[in-house]
Structures are given as C-alpha cells and as structure tokens.
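Residues per chain are reported as follows:
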Amino acid sequence: MDNTRKEWLLNAVLAGALLGVPLWAWLANEPFIVTLATRIAILAIAGVGLNIALGLGGMVSFGHALYLGIGGYVAGIAAHHAFSGMPVLGLAGTNQMLPIWAMAMLLSGIVAGIVGALSLRTSGIFFIMITLAFAQMGFFFALSWPAYGGEDGLPIFLRNQFPGLNTARPWEFFLLAYSVLLLVLAAFALIRAARFGAALMAIRQNPDRAAAIGISPFGIKLVGFVLSGMITGLAGAMMADLTRFVSPAMMAWTMSGELIVIIILGGVGRLFGPVAGAAILVGFEVFFGGVSEHWKLWLGLVLLAVVLFARGGLIGLIAGRARHG
Amino acid sequence: MTLALILEQLLNGVQFGLMLFLMSAGLTLVFGVMGLINLAHGSLYMIGAFLCAAVAGATGNFWLGLMAGIAAAAAAGALIEVAVIRRLYARDHLDQVLATFALILILSEGVRMIFGPFPLYLNVPDALRGTVNLGIVDYSLYRLALIGFGLAVAVGLWALIAKTRLGIQIRAGESDREMIAALGVNIRALYTIVFALGAALAGLAGALVGAIQSVQVGMGEPVLILAFVVIVIGGIGSVKGAMVGALLVGVIDTMGRFLLPRIFATFLDTSQAMGVGAALASMLIYLLMALVLIFRPQGLFPAHG
Amino acid sequence: MADPVLDLRGLCKSFGALRATEDVSLTLRAGEIHALIGPNGAGKSTLMALISGKTRPDAGTVWLEGQEITALSVPQRARAGLGRSFQVSSLIPGYSALRNVMLALQARQGHSYRFLRPVMRDAALRAEARAHLDRVGLGPRASVEAAVLSHGERRLLEIAMALALRPKCFLFDEPMAGLGASGTAELIPFLRALKADAPILLVEHDMDAVFQLADRISVLVTGRIIATGGAAEIRANAQVRAVYLGEDG
C-alpha cells in the first residue's frame, strides 16, 4: 500500500474514532468522555489554524495562543454583555455562536495581520521570539485589564447558543465542534491544493526561487498567517464555550507551545496531523495525569524523543514521508 | 509624587535591567556562537534560584547558596548541552524550539519532584539588609548591591570576551564557524563551555533575584520572554545590544508601571486610571519592540554586518 | 533602432571599500544572445543581482522595454518580464518537475491568491507545463521530485521554469555549469533557437559555448566593462587578451 493511501486510511480511522468514541460514551452515559472528545476536536481546530502558518508556510509562530485568547475573550465578552444587557462599543452583547465566531475570526485576523506584518519583516529565530512576545503582550494586557476579570478570568454562565441545537448538552455541542472541525479540515485541504497553497509551500521551501518567478513571499505569507490566526481564533471562541470560562491563561506562552506540540506530535503539514496530535496530547494528559502528578515530565521526554528521533510525528511514523505531488 | 520616589523607581528599573542582562547575555551568546534558540534558559535561572535557596536555607549562608546556585546551573547547562543541545545545532529552529520546550517540561517537573510543589524563600544576606542613604532617598542596600553585581559581571564578561583566549574563540565562532575549526579549536568543548557560561549567568541571576521574589517552579519563563524582547531590541548575538536592550526594557517597564497610572489619574478617576495605566504599562516594552522592528528590523546593534 | 529590451545605464555598486560594479552600461537587443564573461571576482554575480533586483544600485538605472524597473523588487521584476536561472540550481525541492513549472506558470498568470480550485487538477496548467518540460527534454521526468533530479536535469528544469514565465528577456547564470561536454553540446542549439522567443543575457564560463552562441560579448573585469563586441572583435581585442585571457598581448 503506498503512503498516500496509508495516510488516507489513517485519516479515516482518526475521523471515525473521534466520532465513534464519544458516540459510544454518549450512549453509555459518560459525558466526561464526550467532553474530552470535544476538547480534542476544538484543540485540533486550533492546530489546523497553526498548521497553515507552520506546516504549509514554515512560519514558526510561538504566539498562536494570542488568537485562541482573542477568540475566547470575544465569546466571553459577548456573553457577558448579553447577560448584563449593556452594549459594548455600541454593539449589543450576544449569546449566539455564529456572530460570535464571525467576530472572533475578524478580530483574530486583524491582530494576526498586524503581528504578521511586523514579524514577517524578519525571519527564523527573530520571528519565533517576536510572535512569542506579541502573544505575551496580549497575555499581560488581559491580566491587567480589570473590566473583564483581569487575572481572575471571566465566566460564561450559560453556554452560547447555536440555531437548532441545545449546546448545553455535551453530545450536541460535540457534534457541533466535530462538524466545524471537518469544515476547517476541508478548508485546509482546499487551501493546500489550490494555487495559494502551492505558492505558500513553495515559499517555505525556497523563498528566493519563488521571488524569482514573481511570487512575492511577504504577501503570500502574510495572508497565510492571517488565515491561520482566524481559524485559531475560531477555536478560541469554541474553547471558551466548552469550558464556559475565559482567562489570560488561554494566551499563556505554554498554550502557544502546546499548539506547536500538537502539530509536531501529529505530523507537520499533514491534514490530520492536528487531530492526531490533539488526541495524543489530551490522551496523555488524561491517562498519565491520572497515574502520576508529574505527567508533564513524561510528556517532555516523549516530545524530546519525537523531535530527536521521529520527526514526522505519528502520521509520518505510520504513513511515511509527506509527498507534495 | 516626589523626586525621591522617581529616583527609587529609576534605580529599581536599572536593577531589573541588569538582572535581565545576565539572562540575555547567555541567550545571545548561545545564539551568536551556536545559532541556537534555547527556551530552557529560564529553567537554568530557576535551577540557580532553587539551589541557592536550598543551600542557603540549610547552611544559613547566602554566599554558599549563591555559589551552589551558579555551580548547579553551570553543571546543568553542561549536562544538557552534552546530552541534548549538541544534537540540535544542525537542526532547524522549529526542532530547537520543541526540544528546548520539552526540556522546560522535564526540568520544571524535575525541580518540582525534588523540591516539592511549594515556593522556597531565600533571605537577603545579613550584610546587605536594610537601606542606604543616597542623599534624597533611602534605597534598599540589597538592590543597590544587585546593581553593583550586575555591572561587575558585565565588565567581567566584556573583559572575558575582549581580552582572553576563550573570548577570541567566542568571537571567532560568531563570525566564522569554519575558521575556528581551522584554528584547531575544539569546537565541541567550546560550545559546551559557552553554553555552561550562559547557564551560570542565568543561574546567578536566578539566585540573586530569588532573594527579592519567591523561588518557585515557572519563575524562569516570564524572565526568559523578557530576555527575548531584550535581544530582539538589542540585536541577536550582540552582548552590547543585550546590555542596552536590558537597561531599556528594565527602566521603561518599571517606570511605565509607576508613572502611567499616575499620569492617567490626572484626567480619569483613580480606579479607572489604575486599570488603564496598568494595562498600558504592561504592553509598553512590547510596543518598544514593535517600534524597533519597524525602524531597525535587525535590532539596535546587529551582530552580523 | 528600437529600444533595447534590457538596458543597464551607469550601474554602480560598492560594498564598503570594494567597488563591485563601476559604471556598467549594457544593452540586450531583441533577438540576440549577449554573453557576459569575466574572470572570477569580476563582479558578474553582483551585476546579476543588480539586474534581478536582489541588490539595489548605488547609482544608475535598469530599463526593461523602455520602462525603468530600478525601484522594483525581485518578484515585481519577474512579473515585469525578467526570466532568470540561478548559478546554483534553485528549485522547489519537494515539488515534482511538473509542479515546479506549474508554479512558474501560476506566477506568470498572477493568480496565487486563489484558494479553492485544486491546482493539480487544472488541465490547462498541466498541459502547458508539460509542453515546457518537453521542450527542454524533461517530459519523461515530469513526476520526479526536483530534489532527486540529476544535476543536469535540474539545470534544464531551471530553464523550463524561465520558459514558462514567457519573459521579455532571459537571464541565464552559467546554464552550462557542470553539464559536461554532451550536455553542453545539446544545450547550445537549444539556446540558439530560444533567442527567437526572447533575447538572452548569458553569463557563462564555458568560452567555447560563448563564442559559438553569442551575437555580442561584453567583458567584465574588476567591476568594469572593458570591451563589448562580436566574437571576432573580442578575440582580437588586445586589452581583453591581456587582462582576461592572461596573455601578454
């Protein structure tokens, strides 16, 4: 069986398991597992966002938690104002997910545009540090801005609404997250196969060559970075609704690190890499977190081993090297 | 608001900046010589603080603790370099970020396993307790000593790089890696020494700052990120840039937190002014970094050309 | 006479005290191959960088079909009609030969901001890319990753990518380098035919190839052009023989 078919089979297994396990849990009345699966799906959405920048464009953003946080705060602040009835900046609060998602993506995109325009002036190690620093700026801003809870965070008393669903039920909220994940994966696959993806991946491999045939690396990378931030922002809004709580911790640098770890564990640039990575990370946390309070030590050792010895991540391990057609 | 208060904050800013310099100097050297981005540098800072607190607590002698902290950080640095970091020089930045991120997880949990989940407290040495009169302000003697320490280490580091054989090798390593091989320098040993030197500086900073903060797991990373801001501003690989950047960040951050809420209080009510001022002050150094990037993308003192 | 296709006027570039390019003026006319030769360190690479836009001149201007392009960036110049190959093959290593050429086509059409249609299912794009590969003889190797092509095949792929840009002029940086005698012998008639598509500025070390191909030759020595003329003229030029060919005159 060739590698492409192996990868598709693995993708199908992952997609099936992520639907099947919570379905079983729902039938067996195990809402905790349904919630875990929802967390995996939402983290995977955030990872797909980062995978555009990092996997396709080679932009090692160490600050994607910023967009997760922006999305989270949009959801939290909208719900807060819907609850209190007070408008914010002339806009009424809302407890509807669709406008919240639109706003989360819009704001994340704008911020990603600014951060990208500044940090893409540099490359390599500078880029890593600058994206990290800008995320840290958001983190400290959220920490010290008292209006929405500051360091205590902001609770969302009732999960926001989606037309036709009762989002308070774990299974229905999971189905929503799973559907969004499939949509986002489809978008990733489309972008990767389209002219834009061809240009973005070419720039990652050889920016000088891309420039010499007339493709401007800066513009393409910036658009990729903005798309990436928007998707991660969407995940942030959903994550806030999952935990019904937003806090500066969503923007902490460790969160940015975890998003990268998700991509690496799964496989950089692979369509289902973030899904596999999120499942591994959450699974690790649940299983080893139950066994040992020092599970992060083991996570660190595994991660170190993957970086040093298994650079393709899980999907690379099973389906071999990625092929770009 | 008095002149004395402003002077005190200014000195606090300089002290903070010099501690940041100790962190940044190691990071920037490691990048300049080996081309490596080391996220685990903050863990070495933490190790220095923990060992200092533990040994000082056990012996009652701060100075013994300080030596132990520096030695432990240097030893941990050398060990990490030989075991892991060495394999990363030829890798891309993503691998370096991930592997050193993994090291943070391992070292943080390791320290938690050894020292337990609760913070340690490190007392200021008896000889440096109390305040000293600087004309218009009574200033903490310990903080003043930190300023002295920081300046002394900066001068020592300059002398090491400018005057010694090791310094010549470091400078050669920054400009041309093949040349130092041609000169017959043992590159592997040089890299280990440079890494351990950076680790010792981080451990020193951690131990010194440990006496005015609580010593706890996770204390290194906020400082690490500030050190990143410092070297982005100063220019990656430049020790001089790290010095200037660290002082800028230290003073601007401290003064911003002190002055901005007071400035806003002149036209907003106090609680609002505190909120807006504090939020803005927390962003100040990042805005500074953005400005530097717009006008000098390679930092104030680009190390290479 | 019509405007030259490519026109360099008084280009100067210094790096510190080193004057890499000194008052270089040079034209490339429609239908010609203009070869640029010179010993190592004469400033050929700097001049190529000034033409392609990687480096900005301290003084002087670059014109393409009567339009000044001095202020344009590398990608802008490529879109304006400058098709170059690199001295050391520079390709997208993870892409197949076909995909490399398709990328050049997509860049020429200016449609890189399209997000929906799968590029590999674009039959027209594939067909044209395939035609360019066939033209340089790489058709059978279309699906091979650039990273595993042989050295000679990579040189040819560079040329195929330049063809796909349908440029106003070609800028070939040592296309014969490392091709060996038979490869060079095959490339010579190809380039001779290609100049009908667009004129070629050819930087080349292989003197036999240069003297066979070039309509005009310019000799660059320590950043200056010391002579420009036909093959016979250059062969006979005493200064060229003295400085470049290492003879005493």
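For clarity, every value in this text was computed on a predicted model and none was experimentally measured. (Residues numbered from 1 in each chain as written. Chains lettered and ligands numbered in written order. Predicted model: local features only at pLDDT ≥ 70, side-chain atom pairs only at ≥ 80, totals over all residues.)

1. Section: the overall build of chain A
Part 1 of the reasoning: Secondary structure assignment for chain A yields 13 helices and two strands.
Part 2 of the reasoning: On the principal axes, the C-alpha backbone points of chain A span a range of 55 × 45 × 40 Å.
Part 3 of the reasoning: A total of 325 residues make up chain A; the buried ones form 60% of that total.
Part 4 of the reasoning: Residue pairs at least 24 apart in sequence account for 76% of intrachain contacts in chain A once pairs closer than 6 positions are excluded. (Helix = DSSP H or I, 4+ residues; strand = E, 2+ residues; numbered from the N terminus. Buried ≥ 20, exposed ≤ 12 C-beta atoms within 10 Å, placed from the backbone. Contact = placed C-beta atoms within 7 Å.)

2. Description of the nonpolar core
Part 1 of the reasoning: Counting residues in each nonpolar core, the largest one holds 305 residues, and the members touching the most others are A:Ile45, A:Ala133 and B:Val229.
Part 2 of the reasoning: Composition of this core by domain shows at least three residues from each of domain 1 (12-81 + 167-249) and domain 2 (91-164) of chain C.
Part 3 of the reasoning: One finds B:Leu260, B:Phe264, B:Val276 and B:Ala278 within the second-largest nonpolar core, a separate group that totals six residues. (Core = buried A, V, L, I, M, F, W, Y, C linked by C-beta atoms within 7 Å. Domains from an automatic or database assignment.)

3. Notes on the pairing of strand S3 (residues 33-37) of chain C
Two faces belong to every sheet, and in a regular strand the side chains alternate between them.
Residue and element names in this part refer to chain C.
Part 1 of the reasoning: Within S3, five of the five residues are buried, leaving the element largely enclosed by the surrounding structure.
Part 2 of the reasoning: Across the two faces of S3 the burial is the same, with Ile-33, Ala-35 and Ile-37 and His-34 and Leu-36 all buried.
Part 3 of the reasoning: Across four bridges, S3 lies against strand S8 (residues 200-203) in parallel orientation. Looking at S8, one finds that Ile-33 is bridged to Ile-200.
Part 4 of the reasoning: Sheet topology places S3 next to strand S9 (residues 216-221); four bridges connect them, and they run parallel. The residue bridging Ile-37 from the neighbouring strand is Val-219, located in S9. (Pairing = 2+ DSSP bridges.)

4. Description of the interface of chain C and chain A
Part 1 of the reasoning: Every contact between the two is made by 31 residues of chain C and, on the other side, 23 residues of chain A.
Part 2 of the reasoning: With six residues, the top contributor of residues to the side of chain C that touches chain A is helix H3 (residues 97-109) of chain C.
Part 3 of the reasoning: A class-by-class count of the residues in the side of chain C that touches chain A yields 18 nonpolar, seven polar and six charged. (Nonpolar A, V, L, I, M, F, W, Y, C, P; charged D, E, K, R; others polar.)

5. Observations regarding the interface of chain B and chain A
Part 1 of the reasoning: In this complex, chain B contributes 36 residues to the contact, which on the side of chain A involves 38 residues.
Part 2 of the reasoning: The set of elements that each furnish at least two residues to the side of chain B that touches chain A consists of helix H4 (93-115), helix H9 (220-234) and helix H11 (270-295) of chain B.
Part 3 of the reasoning: Counting residues per element, the side of chain B that touches chain A draws most heavily on H4(B), at 15 residues.
Part 4 of the reasoning: A per-class count over the side of chain B that touches chain A returns 27 nonpolar, four polar and five charged.

6. Examining the domain arrangement of chain C
Residues and elements named next belong to chain C.
Part 1 of the reasoning: Parsing chain C into structural domains produces domain 1 (12-81 + 167-249) and domain 2 (91-164).
Part 2 of the reasoning: If you average the C-alpha positions of domain 1 and of domain 2, the two centres end up 26 Å apart.
Part 3 of the reasoning: Contacts between the two partners involve seven residues from domain 1, matched on the other side by six residues from domain 2.
Part 4 of the reasoning: When its residues are assigned to classes, the side of domain 1 that touches domain 2 shows four nonpolar, two polar and one charged.

7. Brief notes about the sheet that holds strand S1 (residues 6-15) of chain C
All names here are of chain C.
Part 1 of the reasoning: Pairing is antiparallel in the open sheet, where four strands are placed in the order S2-S1-S4-S5. Single-partner strands in this sheet number two, and they are strand S2 (18-28) and strand S5 (67-68).
Part 2 of the reasoning: Judged from the five bridges that link them, S1 and strand S4 (residues 59-64) form a sheet pairing that is antiparallel. Bridge pairing in S4 places Leu-6 opposite Leu-64.

8. Here we look at the environment of A:Asn11
All names here are of chain A.
Part 1 of the reasoning: By the secondary structure assignment, Asn-11 is in helix H1 (residues 3-27).
Part 2 of the reasoning: Under the C-beta neighbour-count criterion, Asn-11 is labelled buried, with 20 such atoms within 10 Å.
Part 3 of the reasoning: It is 8.1 Å that separates the C-alpha atoms of Asn-11 and Leu-271, two residues lying 260 residues apart in sequence.
Part 4 of the reasoning: Beyond its immediate stretch of four places on either side in the chain, Asn-11 contacts Leu-271 and Phe-272.

9. Regarding the confidence of the model for chain A
Part 1 of the reasoning: On average, chain A scores 90 in pLDDT, and the residues at 70 or more come to 98%.
Part 2 of the reasoning: Ranking the elements of chain A by mean pLDDT puts helix H13 (residues 313-319) of chain A last with 77 and helix H9 (residues 217-243) of chain A first with 97. (pLDDT = per-residue confidence, 0-100.)

10. Focus: the packing of helix H4 (residues 123-135) of chain C against helix H5 (residues 151-164) of chain C
Packed helices, taken two at a time, are described by their axes: the angle between them and the distance between them.
All names here are of chain C.
Part 1 of the reasoning: Where H4 meets H5, the axes come as close as 9 Å, and the angle between the chain directions of the two elements is 135 degrees. Comparing their axes, H5 and H4 come out oblique. In the crossing of H4 with H5, the sense of the turn from one axis to the other is right-handed. Across the interface between the two elements, Ala-129, His-132, Leu-133 and Arg-135 of H4 pack against Ala-160, Leu-163 and Ala-164 of H5.
Part 2 of the reasoning: Looking at the contact of H4 with H5 residue by residue, the classes come out as five nonpolar, one polar and one charged. (Axes fitted to C-alpha atoms, helices over the stretch in contact; angles between N-to-C directions. Parallel < 35°, antiparallel > 145°, perpendicular 65-115°, else oblique. Left-handed = near helix turned anticlockwise from the far one by under 90°.)

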